[in-house]
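Next come the chains, spelled out residue by residue.
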Amino acid sequence: MCHRVMPLSLPEVEYLLEQRRTTGRAPLPQRDPSTFVPDAYPGHQLPLILPGPSGELAPATCVWGFLGPSGVTSRLVFNTRIETALQQLRAGHGMWAEAIENGRCLVPVLSFYESWTRDPPRRGAQVRFSYPGHRAFLLAGVQQGGRVSIVTTTPNADVGSFHSRMPLVLGPGESSVWLGPSFACLADRSALRLTHGQ
């Protein structure tokens, strides 16, 4: 389960979207060494990208983690299993039914972390994953009521050596698919390549 990411700052997200609007490209400039953007954990504000009513993309921030059934903030639900969300969407009810239908969003990051739980498990060790060739990339998310959850799926070979789940990482051109009606086809990330470090 993903519970730590290296996010972009909100000004960086705003810059990327403005560049995309004006040039059709969204290059991320080198971050000023004096700028410190801390890693984000559940309960933190997380910058993200929301689709607007006319299809335009807009920056926003949401708290990372939905409130659990009891409404207690110490029980934040910060990951959404794509399989569960799709099942609830088909059934028309459940915690994720509305969010997966109408609240899909994009979470821009520089990297994400997974705990090392596979054999041999390294207690407390976290492995950082990046997308080769991309300084920043997008994770699939769902949001509702000012809160966001990162969507997870079956891990590909790169993450599966360490953990049993991974965020649904979006490749080039897949953000529009995630925000569109055929988003379920993105659940299989086996062809996506990621790099890892500690």
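Model, not experiment: these values are computed from the prediction. (Residues numbered from 1 in each chain as written. Predicted model: local features only at pLDDT ≥ 70, side-chain atom pairs only at ≥ 80, totals over all residues. Heavy atoms only, no water.)

A. Quick peek at the overall build of the chain. Across its full length, the chain holds 5 helices and 11 strands. The dimensions of the chain, computed from C-alpha atoms along their principal axes, are 45 × 40 × 35 Å. Taking all 198 residues of the chain together, 48% fall into the buried category. In the chain, of all internal contacts separated by at least 6 residues, the share reaching a separation of at least 24 is 67%. (Helix = DSSP H or I, 4+ residues; strand = E, 2+ residues; numbered from the N terminus. Buried < 20%, exposed > 50% of the residue type's maximum accessible area, 1.4 Å probe, protein only. Contact = heavy atoms within 4.5 Å.)

B. Broad picture of the layout of surface pockets. Considering only enclosed or pocket space, the largest pocket measures out at about 600 Å³ in volume. Contributing to the lining of the largest pocket are 24 residues, with Ala26, His134, Ala136, Phe137 and Leu138 lying nearest its centre. Sorting the residues of the lining of the largest pocket by element identifies helix H1 (10-23), strand E5 (104-115), strand E7 (137-144) and helix H5 (175-179) as the ones contributing at least two each. It is H1 that contributes the most residues to the lining of the largest pocket, 3 residues altogether. (1 Å grid on protein atoms, 1.4 Å probe; cavity = no way out; pocket = protein on both sides within 12 Å on 5 of 7 lines; lining within 4 Å. Points joined across faces, edges and corners; volume = space filled by probe spheres on them.)

C. Looking closely at the packing of aromatic side chains. Going through the model one piece at a time under the given rule, you end up with 8 aromatic pairs. Taken together, a centroid distance of 5.3 Å and an interplanar angle of 20° make the contact between Phe112 and Phe129 stacked. Of this pair, Phe112 sits in strand E5 while Phe129 is found in strand E6 (residues 126-130), placing the two residues 17 residues apart along the sequence. On the numbers, 5.9 Å between centres and 70° between planes, the contact of Phe129 with Phe162 is edge-to-face. Of the two residues, Phe129 is situated in strand E6 and Phe162 in the loop between helix H4 (157-160) and strand E9 (166-167); the sequence distance between them amounts to 33 residues. For the pair Phe129 and Phe162, one class covers both residues: buried. A connected cluster of aromatic rings, assembled from ring pairs, spans Phe112, Trp116, Phe129, Tyr131, Phe137 and Phe162. For Arg4, the ring lying beneath its charged end belongs to Tyr113, and the centroid distance is 3.7 Å. (Phe/Tyr/Trp six-rings, centres within 6.5 Å; stacked < 30°, edge-to-face > 60°. Lys NZ or Arg CZ within 6 Å of the ring centre and 35° of its normal.)

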